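Chain by chain, the residues:
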Amino acid sequence: MDKSESISEFYVRRGQENKEKGQFNVCRREEFACDSTALPPNRRDFYKISMIANGSGILSYADRIIHIDKPTITFLNPLIPYSWEPTSIEQAGYFCLFTEEFIHQNLKNESLSQSPLFKVGGNHVFFPSEESIFLLQGIFESMFRELNSSYSNKYDLLRSYVQIIMHEALKMQLPENFYQPNNSSERISSLFLELVDRQYPIDAPSQRIKLKTTNEFAAQLNVHTNSLNRALKDTTGKTTSELIAERMSKEAKALLNFSNWDIAEIAYSLGFEHSSNFINFFKKQTGSTPLQFRKEKINCNKKNAELIS
């Protein structure tokens, strides 16, 4: 899995390490120069809303490629790898960045996670009308003023501005000039498999996978669970649950074999609330308990070491 770019690394890469505002920041594209050069095709660990007022370029995300040559607003999140290739020297507009820390629980439950704007299989690019452009410019300018104010509840107000932008985008026309595979089952399967794989490997006991069930994956992909199951069955011959379990089992084996984490830590990192649930899952997948599997691997590794020596 390729490493996500952190928000701090984003600023350093752009020579703006002193401009970080923590959980939220807003910038003018022409001043920050963040979109005047190509952005590599990586994931980031932050959310980004961009308003392209002037300039052109090619935005690639998931399996879509969009040629942007007019005012556009885009919504990208930590689960979506994307790249930007400018095709004009002039780049003007705004963007705001924010982290999970900024996302209040109400925003996450009521708007952000439920909106197709931020789902992997949803729509992330919109073309605003002249009226919307005027409104959005005003909102971004208000964000500038608020971010630098001394108002104690300014982050609550900034969250409200983010919600207004989201609602305004949902009224807009969808882009017609993007490419995607003709076969919808292949597209859904490709997005699903990429989403599954990007949760791994797990590097620390405190790290925990975000998506575990069929319903959670379907919601993130913005498709019905039946559509997801049907697409995967058509392209892989397996159900969604089988594919999730296979990848989770593979990671569990790797952690048991190569880490010194205890069973409770591994269970937690894989999304299990109780160790007993993980033990039952692992035994169903492999025929042995996690401790039995680890013991067998340790003995096998010792024998191999003795043979080599």
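In this text the structure is predicted, and so the values were computed from the model without any measurement. (Residues numbered from 1 in each chain as written. Predicted model: local features only at pLDDT ≥ 70, side-chain atom pairs only at ≥ 80, totals over all residues. Heavy atoms only, no water.)

### Focus: the confidence of the model for the protein
For the protein, the average pLDDT comes to 81, and 76% of its residues sit at 70 or higher. Between residues 177–181, whose pLDDT stays under 50, and residues either more than four places distant or in other chains, the model counts 14 contacts. (pLDDT = per-residue confidence, 0-100. Contact = heavy atoms within 4.5 Å.)

### Describing the state of the cysteines
With the rule as written, the count across this model stands at zero disulfides. Left without a disulfide partner, Cys96 is nearest to the cysteine sulfur of Cys27, which lies 9.2 Å away. When its relative accessible area of 0% is taken as the criterion, Cys96 is described as buried. (Disulfide = S-S within 2.5 Å. Buried < 20%, exposed > 50% of the residue type's maximum accessible area, 1.4 Å probe, protein only.)

### Some words on the pairing of strand 5 (residues 64–68)
Burial along strand 5 is one-sided: the residues Arg64, Ile66 and Ile68 are buried and none of Ile65 and His67 is. In this structure, strand 4 (residues 57–61) lies alongside strand 5, joined through five bridges in antiparallel fashion. When the sheet's bridge partners are listed, Tyr61 is paired in strand 5 with Arg64. (Helix = DSSP H or I, 4+ residues; strand = E, 2+ residues; numbered from the N terminus. Pairing = 2+ DSSP bridges.)

### Considering helix 6 (residues 184–197)
Side chains of residues three or four places apart in an α-helix project in the same direction, reflecting 3.6 residues per turn. Over its 14 residues, helix 6 runs 20 Å from end to end, which matches the ideal 20 Å to within 8%, given 1.5 Å per residue. Residues of helix 6 that are buried: Ser185, Arg187, Ile188, Ser189, Leu191, Phe192, Leu195 and Val196. Each element contacted by the buried residues of helix 6 is listed here: strand 5, helix 7 (214–221), helix 8 (225–236) and helix 9 (240–258). (Expected span 1.5 Å × (residues − 1).)

### So, the packing of helix 7 against helix 8
Orientation of helix 7 relative to helix 8, taken along the N-to-C sense of each, is 95°, at an axis distance of 9 Å. Considered as vectors, helix 7 and helix 8 are oriented roughly perpendicular to each other. In contact with Thr214, Asn215, Phe217, Ala218 and Leu221 of helix 7, helix 8 contributes Thr225, Leu228 and Asn229. Per-class residue counts for the contact of helix 7 with helix 8 are four nonpolar, four polar and no charged. (Axes fitted to C-alpha atoms, helices over the stretch in contact; angles between N-to-C directions. Parallel < 35°, antiparallel > 145°, perpendicular 65-115°, else oblique. Nonpolar A, V, L, I, M, F, W, Y, C, P; charged D, E, K, R; others polar.)

### Focus on the nonpolar core
Across soluble globular proteins, you tend to see nonpolar side chains buried next to one another. Among the nonpolar cores identified, the biggest contains 32 residues, and Phe192, Phe217, Leu228, Met248, Leu270 and Phe278 are the most heavily contacted of them. Looking at this core, the elements with two or more residues in it are helix 6, helix 7, helix 8, helix 9, helix 10 (263–269) and helix 11 (275–286). Examining the composition of this core, we find that seven residues originate from one element, helix 9, more than from any other. If sequence neighbours within four positions are ignored, Phe192 has contacts with Phe217, Leu221, Leu228, Leu232, Thr240, Leu243 and Ile244. One finds Ile49, Ile73, Phe98 and Phe102 within the second-largest nonpolar core, a separate group that totals 29 residues. (Core = buried A, V, L, I, M, F, W, Y, C linked by side-chain atoms within 4.5 Å.)

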